[in-house]
Amino acid sequence: MGRTIIEKIIQAHSRDDAAAGRIVWMDLDVRSARDFGGPNVVKNFEREYGGSPPADAAKTVFTFDLCAPACSLKYADNQQACRDFARKHGIQVFDVDRGVGTHVMIEEGLARPNGTVVGTDSHMNILGAVGCFGQGMGDVDVAFAFKTGRTWFEVPESVKVVLKGRLSPAAEAKDLTLFLCRELGTKRIALHSAEFYGEAVRDLALSGRITLCSMITEMAGIIGFIPENGPVVADADASYAGLVEFDVSGLPPQVAVPPSPNAVRPLADVRGTRIDSGFIGSCTNGRTEDFARAAEILKGRKVKKGVMLKIVPATRRVYEEMLKRGVLETLFRSGAIIVNPGCGGCAEGHVGLTGKGEVQISTGNRNFPGKQGQGQTYLAGPAVVAASCVAGEIAGPEDL
Amino acid sequence: MDENIRQGRAVVLLDKQGEIIEDIDTDQIFHNAHLHITDIAQMGSYALGNLEGWKDFPKTGREGDILIAGRNFGAGSSRQQAVDCFAALKVGAILAPSFSAIYFRNAVNSGFPVLKIHGLETMIAGAGIVTGDVIRFDVRSGRAENVTRGGALKIEPMSPVQYDIFLAGDLFKYGKNMK
Ligand code: SF4
């Protein structure tokens, strides 16, 4: 019988029969840890395996992205513990200068089509955007993977999601993604792999594919793949647990309202909501295309007095592209605050938090209480965030 | 005793309306206010400490209890304490129609028995399983029965991988004998 994408990738890394529902042992092309989780990986590893080396240092990496450079003692200690361990074993470190780990792994070719990668990041499944199996795991799992180069995995069933129609120029990949967060919720692809088909996703550039795949976690899915024009495809006779179809032509911009990424409304419903701050970046919308879109709107305009707009490129390479294309200058002149690459806006990252009562509009992927501080966070695409920061209230580019 | 057999008192996690509670997340199981605790022995007293109606479980629960919960048990964060707190109380096993992927992995990797149960809602609606019933099952074959009332339960046996790790004690111990 034919195989879905996830079955094919896992099968290529396993001697067991990787049919959906089976638990198999699989080989991992890359095993990684970041500055959160990483120190516990090191602790587990040293307790269980003493000073012995990992299975293959060349396939083992650390990525520091959460708080870069460290702005609290906790992160500074965590990062140093990982660096010391890495030095001892000759493991590569993508240090605090590099940016979001998953994005760095894509840029460096560590995450490849048909490959397998694990790490201590619950958005590791972003790698589905390049046809790579990525999965976030706990520190016990990752320590074991460092030592053995393998992990066990329950091969999930897959759901086929067909998106008919093309996105209008007013809608971005993030609008499509938020729409799916609402429609699929946390049940329809829960614990499943999703395969997205149709014109609307065929048109997506890598940045848009990353946006969509980065929010599969918020839909409770295992991973998402976009085989359309992509390097990895399913067999024609593969079998699926379900089929979901949507027509997305004419989809208006979407906004997720606090406190859940699945509480999504059309922009029109929340237009005019006063904001204090905006954030563009994160693993979801931190690519050059995202900032270029924001710059189009901010060109010749100013962020409204009293509003702060924070910009965090996903990686150092993105930062460089923004520099070359003049995007950085446009954003700077608009009054935005631009910081170095990484996760920045999440957890207690290096771009700061929201305070109690603060209303923020963000391109991030989570607006759960506490994720980006104490304030209320709305989620939207870069165009809506940029326009809102000019208007001082939630707005689309056409409102300016 | 056969290490494959688990027997214990069923504790069915129902809400005030008598419905099985679904989507119990790790903050309800082991609240993030206690994440600084690293000694497993101390974790038991916080188990279910944030789940409405069940906050006294660490006092009312008994060694060997079999917890029965609704779908998507262990949603949310990846904290290992949400598994370890039950191990600390010597809970015998957790049965649910489904678990969050990360919770399931954490439990399997620490050798704690988590098994999928089918037809739970019908059983509860028909009073086929009630808190206090003694249930017995074989983790290997999935053969399961309600000893108190008679009648079979539909439990999915452990997969070979899960069983091997369970027998070894945890993932690390298992790995040391791995070929
Ligand atoms: S940007 Fe935020 S959500 Fe994305 S990987 Fe970093 S911490 Fe996680």
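Computed from a predicted structure; not experimentally measured.

A.B. asks: Could you give an account of the site of the ligand, naming the residues involved and the relevant values?
C.D. replies: Residues and elements named next belong to chain A. Neighbouring the ligand are the residues Arg-34, Leu-66, Asp-121, His-123, Ser-282, Cys-283, Cys-343, Cys-346 and Asn-365. Across the shell around the ligand, the residue classes tally to 4 nonpolar, 3 polar and 2 charged. Both domains that furnish three or more residues to the shell around the ligand are identified here as domain 1 (26-154) and domain 3 (256-399).

A.B. asks: Go over the pattern of salt bridges with me, naming the residues and quoting the values.
C.D. replies: Residues and elements named next belong to chain A. Enumeration over the complete set of coordinates arrives at 35 salt bridges over all chains. Across the pair Glu-48 and Arg-47 runs a salt bridge, and its minimum N-O distance is 3.3 Å. The exposed category is assigned to Arg-47, whose relative accessible area is 54%. Residue Arg-274 pairs with Asp-276 through a salt bridge whose shortest N-O separation is 2.7 Å.

A.B. asks: Residues and numbers for the sheet that holds strand 9 (residues 193-197) of chain A, please.
C.D. replies: All names here are of chain A. Read from one edge of the open sheet, 4 strands run 10-9-8-11, paired in parallel fashion. Strands with a single pairing partner mark the edges of an open sheet, and in this sheet they are strand 10 (223-225) and strand 11 (242-247). Across the sheet, the mean angle separating the axes of adjacent strands is 20° when strand polarity is ignored. Of the pairings in the sheet, the one linking strand 8 (residues 158-164) to strand 11 comprises 6 bridges and is parallel in character.

A.B. asks: Can you break down the pairing of strand 2 (residues 30-34) of chain A residue by residue, with the values?
C.D. replies: Residues and elements named next belong to chain A. Buried residues dominate strand 2, accounting for 5 of its 5 residues. Where burial is concerned, the two faces of strand 2 agree: the one with Val-30, Ser-32 and Arg-34 and the one with Arg-31 and Ala-33 are both buried. Note: strand 2 against strand 5 (residues 116-119), 2 bridges, orientation parallel. Across the sheet, residue Arg-31 finds its bridge partner in strand 5, namely Val-118.

A.B. asks: Give me the lowdown on the domain arrangement of chain A, citing residues and values where you can.
C.D. replies: Residues and elements named next belong to chain A. According to the domain assignment, chain A contains domain 1 (26-154), domain 2 (158-251) and domain 3 (256-399). The centre of domain 1, based on its C-alpha atoms, is set 27 Å off from the matching centre of domain 2. Each partner contributes residues to the interface: domain 1 has 17 residues there, and domain 2 has 16 residues. Taken over both partners, the interface formed by domain 1 and domain 2 buries close to 1,200 Å², and the fraction arising from carbon and sulfur atoms is 68%. Contact with domain 2 buries area across many residues of domain 1, yet His-123, Asn-125 and Ala-129 alone supply 37% of it, more than any other trio. Summed over the shared surface of domain 1 and domain 2, the number is 0 salt bridges. Counting across the interface, domain 1 meets domain 2 through 5 residue pairs in polar contact (both at pLDDT 80 or more). Where the side of domain 1 that touches domain 2 is concerned, the elements lending two or more residues are helix 4 (101-107) and strand 6 (133-136).

Here is what the cut-offs are and how they apply
- Residues numbered from 1 in each chain as written.
- Chains lettered and ligands numbered in written order.
- Predicted model: local features only at pLDDT ≥ 70, side-chain atom pairs only at ≥ 80, totals over all residues.
- Heavy atoms only, no water.
- Near = heavy atom within 4 Å.
- Nonpolar A, V, L, I, M, F, W, Y, C, P; charged D, E, K, R; others polar.
- Domains from an automatic or database assignment.
- Salt bridge = Lys/Arg side-chain N within 4 Å of Asp/Glu carboxyl O.
- Buried < 20%, exposed > 50% of the residue type's maximum accessible area, 1.4 Å probe, protein only.
- Pairing = 2+ DSSP bridges.
- Helix = DSSP H or I, 4+ residues; strand = E, 2+ residues; numbered from the N terminus.
- Axes fitted to C-alpha atoms, helices over the stretch in contact; angles between N-to-C directions.
- Contact = heavy atoms within 4.5 Å.
- Buried area = accessible area lost by both parts, 1.4 Å probe.
- Polar contact = N/O pair within 3.5 Å; in protein donor to acceptor, adjacent residues only side chain to side chain.

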